[in-house]
Amino acid sequence: MDKLLEVSGLNKSYEDFSLKEVSFSLPEGCIAGFIGKNGAGKTTTIKTILGLAEKDGGSVRIFGMDMETEEKQIKNRIGVVFDEGCFYEELTLEEMKCVIAPAYSSWCEEDFKGYLERFSLNPKQKIETLSKGMRLKYALALALSHKAELLVMDEPTSGLDPLIRNQLLDILKEFMEQGGRGVFFSTHITSDLDKIADMLILIDRGRIVFQAEKDDLLESYRIVKGDKGKLDEDTRKLFLSLEENAYGFVGITGQLDEVKERMPDIVIERPAVEDIMLAHVKKARRG
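1. Quick word on unusual backbone geometry
Of note in the backbone geometry, Ser120 takes a positive phi value of approximately 55° without being a glycine. The residue Ser120 is located in the loop between helix 4 (109-118) and helix 5 (132-144) in this model. Residue classification places Ser120 among the exposed residues on the basis of a relative accessible area of 63%. Positioned with a positive phi, Arg205 is a non-glycine residue whose angle comes to about 50°. With respect to the helices, strands and loops of the structure, Arg205 is situated in the loop between strand 9 (199-204) and strand 10 (207-213). Overall, the relative accessible area of 42% leaves Arg205 in the partly exposed class.

2. Here's the deal with the pairing of strand 2 (residues 18-27)
Within strand 2, 7 of the 10 residues are buried, which leaves the element mostly enclosed by the surrounding structure. Here strand 1 (residues 3-13) pairs with strand 2 via 7 bridges, running antiparallel. Counted as the bridge partner of Ser13 is Ser18 from strand 2. Where strand 1 folds back onto strand 2 in an antiparallel hairpin, the turn is made up of 4 residues.

3. Structural notes on the packing of helix 5 against helix 6 (residues 162-177)
For any two helices packed against each other, the geometry comes down to the angle between their axes and how far apart the axes lie. With their axes 11 Å apart at the nearest point, helix 5 and helix 6 run at an angle of 10° to one another. When the axis of helix 5 is compared with that of helix 6, the two are roughly parallel. On helix 6, the residues that touch Gly133, Leu136, Lys137, Leu140 and Leu144 of helix 5 are Ile164, Gln167, Leu168, Ile171 and Phe175. Split by residue class, the contact of helix 5 with helix 6 holds 7 nonpolar, 2 polar and 1 charged.

Cut-offs applied
- Residues numbered from 1 in each chain as written.
- Predicted model: local features only at pLDDT ≥ 70, side-chain atom pairs only at ≥ 80, totals over all residues.
- Heavy atoms only, no water.
- Helix = DSSP H or I, 4+ residues; strand = E, 2+ residues; numbered from the N terminus.
- Buried < 20%, exposed > 50% of the residue type's maximum accessible area, 1.4 Å probe, protein only.
- Pairing = 2+ DSSP bridges.
- Axes fitted to C-alpha atoms, helices over the stretch in contact; angles between N-to-C directions.
- Parallel < 35°, antiparallel > 145°, perpendicular 65-115°, else oblique.
- Contact = heavy atoms within 4.5 Å.
- Nonpolar A, V, L, I, M, F, W, Y, C, P; charged D, E, K, R; others polar.

Nothing here speaks to function; it is all geometry.
Below you can see the structure in the form of structure tokens.
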């Protein structure tokens, strides 16, 4: 399987934050959720990958090409959706499209008009009057109207109601049905990724914590609840994260068989993506 995106040893330093040796890849046919708490480094990583922020070290290859030497060819084949929009507020949707469309050799006006109709967007409406949900739909219309093979999305569902978020997920599924494509989707709303992601990449404080297939990750961990009197120095080591109170404990483990052997009468539950993400972050911050 070909890799659409390969990031190796990416470094970027600001006064109060740094990306440190960030490495991961996105195979063809995959929706990758790039997860982490606010401020973990998701937006910095995406901007550095796209050349919107100059990297301090490392390499970025998209479609097998080097972003530094073949940026124009690469950007002709990717669609980008940012949370903040990046539009000229005083322009209409049609006028903004006329600014953007000439940058793409494969721009399809028929596709663009079809998306505007599907999303109930008026091309004569000014961008400054659009709601957050309408802005997302407009950004998607632009990103999907030039035959993009890779969608890069930074927190696209932040602040949106569940209905619009579900509509976005349906659009991403349609996009992937055409084959040979990929989606790199950063978010801290991990419930969206429970429904659609194939792979998860966790970043925390500028470092990659893990990259794993979502289904494998969800199968590897379990939430365990029990009497905290059964905890001792050895059993505590079996948990990725552990919370104790007057009534018992709740922990996440990747060593369920050993936990069951050593701690009978426990309650076992399946975790969500968010549970696993937070457990890994807590462990990383404990050192």
